[in-house]
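Understanding the architecture of this molecule
Each chain, written out:
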Amino acid sequence: MSHVGVGPRAVMRSVAFLTAGVLAVPALAGCTSEESAGKPLAAQDVGAASRASVSDGGTLRWAVDSVPDTLNTFQSDADATTTRVAQAVLPSMYRMDENGSPVRNPDYLESAEVVDTEPKQVVVYKLNQQAVWSDGREIGAADFAAQWRALSGKDSAYWTARNAGYDRIEKIERGANDLEVKVTFSRPYADWKALFSPLYPKDVMGTPDAFNDGARRSLKVTAGPFTVKKVDTKADQVVLTGNPRWWGAPAKLDKIVLRAVPRDERVSELVAGKLDLAEIDPETADEVTLAAAPRDPATGTPLMGPQGSPAAGAQGRSAAEALRSWAVANGSDEEAAEEEILAREERREAEAKAARRQKALSGFEVRKSLEPAYTQLALNGSGGPLADERVRRAVARALDREKLAETVLKPLGLPAEPVGSHLALSGQPAYADGSGALGEQNAKEARALLADAGWVRGGPVKKDGEKAAGAEKDEKGEKGENGEDKEKKKSEGDDDGTYIVGEDNKNADNKNPDSKNPDDKSDDGADRESGEKHSSGKNTAQGGAPGAYAPKGTAAPAGSVAAPLAKDGKALTLRFVLPSGPGSETLRTVADRITDMLKDIGIGTEITKVPDESYFKDHIAAGEYDLALYSWPASAFPATDARPIYAKPVPAADGSLNVAQNYTRVGTDQVDQLFDRAMTTLDQKEARDLLRKADSRIWAAAGSIPLYQRPQLTVARKNLANAGAFGFETPVYEDMGFLEKGAQGSRPSAPSTSSPSSSSSS
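This is a predicted model, so every value here is computed, not measured.

Attention now goes to the overall build of the chain. Helices and strands together make up the secondary structure of the chain, namely 18 helices and 23 strands. Counting over 762 residues, the chain shows a buried share of 53%. If you sum the accessible surface of the chain, you get close to 32,700 Å²; carbon and sulfur atoms cover 48% of it.

What follows is about the packing of helix α6 (residues 282–291) against helix α8 (residues 334–361). Running from amino to carboxyl end, α6 crosses α8 at an angle of 90 degrees, the nearest separation of the two axes being 8 Å. Accordingly, the angle class assigned to the pair α6 and α8 is roughly perpendicular. Contact residues: E287, V288, L290 and A291 in α6; R357, Q358 and L361 in α8. Looking at the contact of α6 with α8 residue by residue, the class counts come to four nonpolar, one polar and two charged.

Moving on, we get to helix α18 (residues 684–701). Taking 1.5 Å as the rise per residue, α18 with 18 residues should run 26 Å; its terminal C-alpha atoms sit 26 Å apart, in good agreement. Capping the start of α18, D683 holds a side-chain oxygen 3.0 Å from the backbone nitrogen of K685, two or three residues further along. The positive-phi residue at the C-terminal boundary of α18 is A702, with phi of around 55 degrees.

It is at 8 Å that the axes of helix α9 (residues 389–398) and helix α11 (residues 443–452) come closest, and there the two elements cross at 165 degrees. Taken together, α9 and α11 sit at an angle that is classed as roughly antiparallel. In this structure, α9 meets α11 at a crossing whose hand is left-handed. Facing R390, V391, R393, A394, R397 and A398 of α9, the residues of α11 in contact are A443, E445, A446, L449, L450 and D452.

Quick look at the nonpolar core now. Membership of the largest hydrophobic core comes to 105 residues, with the highest contact counts inside it found for M93, Y125, F196 and L240. No other element matches helix α2 (residues 141–151), which puts seven residues into this core. Among the nonpolar cores identified, the runner-up in size contains 61 residues, and A443, L450, L574 and I603 belong to it.

Let us now look at the pairing of strand β10 (residues 255–260). Looking along a regular strand, one sees side chains alternate from face to face of the sheet. Most of β10 is tucked away: five of the six residues are buried. Pairing of strand β1 (residues 59–64) with β10, which is carried by six bridges, proceeds in the parallel orientation. Bridge assignment links A63 to a residue of β10, and that residue is R259. Bridge count between strand β9 (residues 237–242) and β10: five bridges; the pairing is antiparallel. Looking at the pairing, L240 lines up with I256 of β10.

Our next topic: unusual backbone geometry. In this chain, E118 is followed by P119 through a cis amide linkage whose omega measures 0 degrees. Tracing the backbone shows P119 in the loop between β4 (109–116) and β5 (122–127). Phi is positive for N722, which is not a glycine, with a value near 65 degrees. Given the relative accessible area of 13%, N722 is considered buried.

Bringing the sheet that holds strand β7 (residues 180–185) into the picture now. An order of β4-β5-β7-β6 is seen for the four strands of this open sheet, with the pairing classed as antiparallel. Two strands close off the open sheet at either side, each with one partner strand: β4 and β6 (169–174). For this sheet, the mean angle separating the axes of adjacent strands, direction not counted, is 20 degrees. Pairing of β5 with β7 involves five bridges; the strand directions are antiparallel.

So, about the sheet that holds strand β15 (residues 570–571). Here we have three strands laid out as an open sheet, ordered β13-β14-β15, and antiparallel in their pairing. At either margin of the open sheet sits one strand with a lone partner, and together these are β13 (456–457) and β15. Of the pairings in the sheet, the one linking strand β14 (residues 565–567) to β15 comprises two bridges and is antiparallel in character. Paired with A566 across the bridge in β15 is A571.

With that settled, consider the environment of D333. Mapping D333 onto the fold places it in the loop between α7 (319–329) and α8. The partly exposed category is assigned to D333, whose relative accessible area is 46%. Separated by 3.3 Å, the side chain of D333 and the backbone nitrogen of E335 make a polar contact.

In this section: the confidence of the model for the chain. Of the residues in the chain, 76% have a pLDDT of 70 or more, and the chain-wide mean is 81. Across residues 464–553 the pLDDT falls below 50, and counting only partners more than four positions away or on other chains, this stretch makes 157 contacts in the model. For the stretch residues 751–762, pLDDT sits under 50, and the model shows 55 contacts to residues farther than four places along the chain or on other chains.

The subject of this paragraph is the pattern of salt bridges. Tallied over the full model, the rule gives 28 salt bridges. Across the salt bridge formed by D77 and R216, the nearest N and O atoms sit 2.3 Å from each other. Of this pair, D77 sits in the loop between β1 and α1 (80–89) while R216 sits in the loop between α4 (208–213) and β8 (226–232); the two residues are 139 residues apart in sequence, bridging distant segments of the chain. Beyond isolated ion pairs, a larger network of salt bridges with shared partners links D65, R263, R266 and E279.

Right, let's talk about the environment of F637 for a bit. With respect to the helices and strands, the residue F637 is situated in the loop between β18 (627–633) and α15 (638–641). Taking the C-alpha atoms as reference, F637 lies 9.1 Å from M679; in sequence the two are 42 residues apart.

Right, let's talk about the environment of V666 for a bit. For V666, the location among the structural elements is in the loop between β20 (657–658) and α17 (669–680). Taking the C-alpha atoms as reference points, V666 and A647, 19 residues apart in sequence, are found 8.1 Å from one another. Beyond its immediate stretch of four places on either side in the chain, V666 contacts L379, G381, R392, Y646, A701 and G703.

For the rest of this paragraph, the subject is the pairing of β18. Extensive coverage of β18 is indicated by the burial of seven of its seven residues. What you see with β18 is no split at all: L627, L629, S631 and P633 on one side and A628, Y630 and W632 on the other are buried throughout. As defined by bridge partners, strand β12 (residues 364–379) adjoins β18 across seven bridges and the pair is classed as antiparallel. Within the sheet, the bridge partner assigned to L379 lies in β18 and is L627. Both strand β16 (residues 573–579) and β18 contribute to a ladder of two bridges, which runs parallel. The residue of β18 that forms the bridge with V577 is A628.

Moving on, we get to a negative patch on the surface. Taken together, the side chains of D333, E334, E335, E338 and E339 define an acidic patch exposed on the protein surface. Note on placement: E338 falls in helix α8.

On to the packing of aromatic side chains. Going through the model one piece at a time under the given rule, you end up with 20 aromatic pairs. With a centroid separation of 6.2 Å and an interplanar angle of 90 degrees, the aromatic rings of F74 and Y166 are classed as edge-to-face. Here F74, found in the loop between β1 and α1, pairs with Y166, found in the loop between α2 and β6; they are 92 residues apart in sequence, far enough to count as distant. In this structure, F74 and Y166 share a single accessibility class: buried. Between Y94 and W192, the ring centres sit 6.1 Å apart and the planes meet at 85 degrees, which makes this aromatic pair edge-to-face. Here W192 lies in the loop between β7 and α3 (202–205) and Y94 lies in strand β2 (residues 94–96), a separation of 98 residues in the sequence.

What counts, and at which threshold
Residues numbered from 1 in each chain as written. Predicted model: local features only at pLDDT ≥ 70, side-chain atom pairs only at ≥ 80, totals over all residues. Heavy atoms only, no water. Helix = DSSP H or I, 4+ residues; strand = E, 2+ residues; numbered from the N terminus. Buried < 20%, exposed > 50% of the residue type's maximum accessible area, 1.4 Å probe, protein only. Areas by Shrake-Rupley, 256 points an atom, 1.4 Å probe, with all protein chains shown as cover. Axes fitted to C-alpha atoms, helices over the stretch in contact; angles between N-to-C directions. Parallel < 35°, antiparallel > 145°, perpendicular 65-115°, else oblique. Contact = heavy atoms within 4.5 Å. Nonpolar A, V, L, I, M, F, W, Y, C, P; charged D, E, K, R; others polar. Expected span 1.5 Å × (residues − 1). Polar contact = N/O pair within 3.5 Å; in protein donor to acceptor, adjacent residues only side chain to side chain. Left-handed = near helix turned anticlockwise from the far one by under 90°. Core = buried A, V, L, I, M, F, W, Y, C linked by side-chain atoms within 4.5 Å. Pairing = 2+ DSSP bridges. pLDDT = per-residue confidence, 0-100. Salt bridge = Lys/Arg side-chain N within 4 Å of Asp/Glu carboxyl O. Patch = residues over 30% accessible without salt bridge, like charges linked within 9 Å, V, L, I, M, F, W, Y side chains within 5 Å. Lys, Arg positive; Asp, Glu negative; His and termini not counted. Charge placed at Lys NZ, Arg CZ, Asp CG, Glu CD. Phe/Tyr/Trp six-rings, centres within 6.5 Å; stacked < 30°, edge-to-face > 60°.

The following block contains the structure:
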């Protein structure tokens, strides 16, 4: 379950990360806010227990991926451990609930509400009167104002990674008393609850020097149940201890030690008794589950393996093999007998070691849920075959997303439903399945789209000095048959070409569903979105549903299925870039399944495996790929956090392309406009409708194909309470601890492992 790169806050999509190794589809017209967003597919699994049943004291040793380079979550090198520390030691006005929605944190905030919208939006925060920093000073308007100035983007001396939302604030002032903070916005901002979580003291935010360097290796002033005692780079750990000035429910633990332990070493550290809690990969989860399984009283071997499968005997040897070994060891062939005796001794030692390992692991249990993040297939639309929207749609419609989800999630006993939205996950208010805008899996339609794009079977393929399509960027761009620039040609009389199933431009007076009217406008009268255009105009399939289909009457060409698709002397081959690290096995398995699905429609792939450390920076962010798998965390504030991921790339001043975080390089003006409108409306229903429309258009552009929600596997000591696989919900650090003798924590009921149609995966 390893990943590369993290976001500054758990719910923010600031940096993509890998999914490695653990790394009814309504049309847009049906996407209304009245639709149910559903429930989270899996509940959190933390060994929940009441505070009364948790003993006081003790140290929790928690494996993390790294000791952070900074404790300031607003800096570009912040990582997942930065976020974990901030959650334990700093104020957050809002925290996430079990559905991934923001809820007021009463330890810091008595209330917060929009008190004015005209002429400006004004929010008044009323703080908990007991809330103080660890130096005894009250939390107040000065801290809010210092954070706003640092993150507003107006002073470049602050090295900030993000300023979304803070750049919309006009002023911050003291309210009716010291416990009130009045925030006035220069522009309406729907996601105002995303701000000041976490909140740093003015000591950190007050000057550029303090912001840039003052909170990298220490946080002298905090205001959570824990405080930072030490960031120990030599021991690779961060030590948190109880905050004596904490006014809330007192922390049950004396200490939390966040230890940087590589994922492939965690099981050894668990066996050695040096860890209490760790995220793990599926192989380790199987081993821990097996160790905790019921055992045969006579042999001591587990009766059942993971997923209820019969467990193998010692070292997997059958009774017949044991009998044969005895016979050889006691036979007349002295040389063979001596070799077998030595082999039996080695097996006994290995079995004894395995027994000790199993005994050590029997004190742990696997806690699992689904992470608030999803894995996607990214299609680089900046050049090559995937610059053609029809080819991207063909790739998308070749994928059986249910089978891909099953591949990852079903073996783990987790719900294996494909993700239906780019902007939210099941259970979140903004969630609705928008995949119908692209169309369901259909290999025949995918082949027809490729044929319409000019890719035909058995076409001539140049071999001398020819590189596969997608192996390198085509910097010159595509030209027409007469050397004419295709973009120029397509701009003459064509529409915007971004088609969404269920959003055809129907003319009531036109009796012929196949006729075209160049003067047609989009249904909602919104600004026309830009994007790759289809030379044949707007398409409709046989059922009249527009969007994900080649023009009516376009048939996939006959011929051998093995014959490659080709165009202009080039075979249709896409470069599929993958990480090569030991934690990326699951990711590579998913890639193999995708490769087979694309092969079925005539698309070839070239798998390129690269080191984990260079995968994102040198390939994904640099655009050096055709296909890639990576993940985005879900956000409670998609209008703010998702916009940079799907915004249309724009030229920078130096002539380069500014893609922000849109590493697929696929975007449209209309998607940008929908995000902007969702960000400024204070009507939650309207905001959800706008986000769902934006999601449908993102699906239609086929630059990013969500596949499955990531699995979250943790191993925890059986007596550890209120810690494990947290799902959407923000951890409650003060409630974590070890159970009193005889007490037991609760576990969620077993999740369903089947989707409405057949299955699921992560």
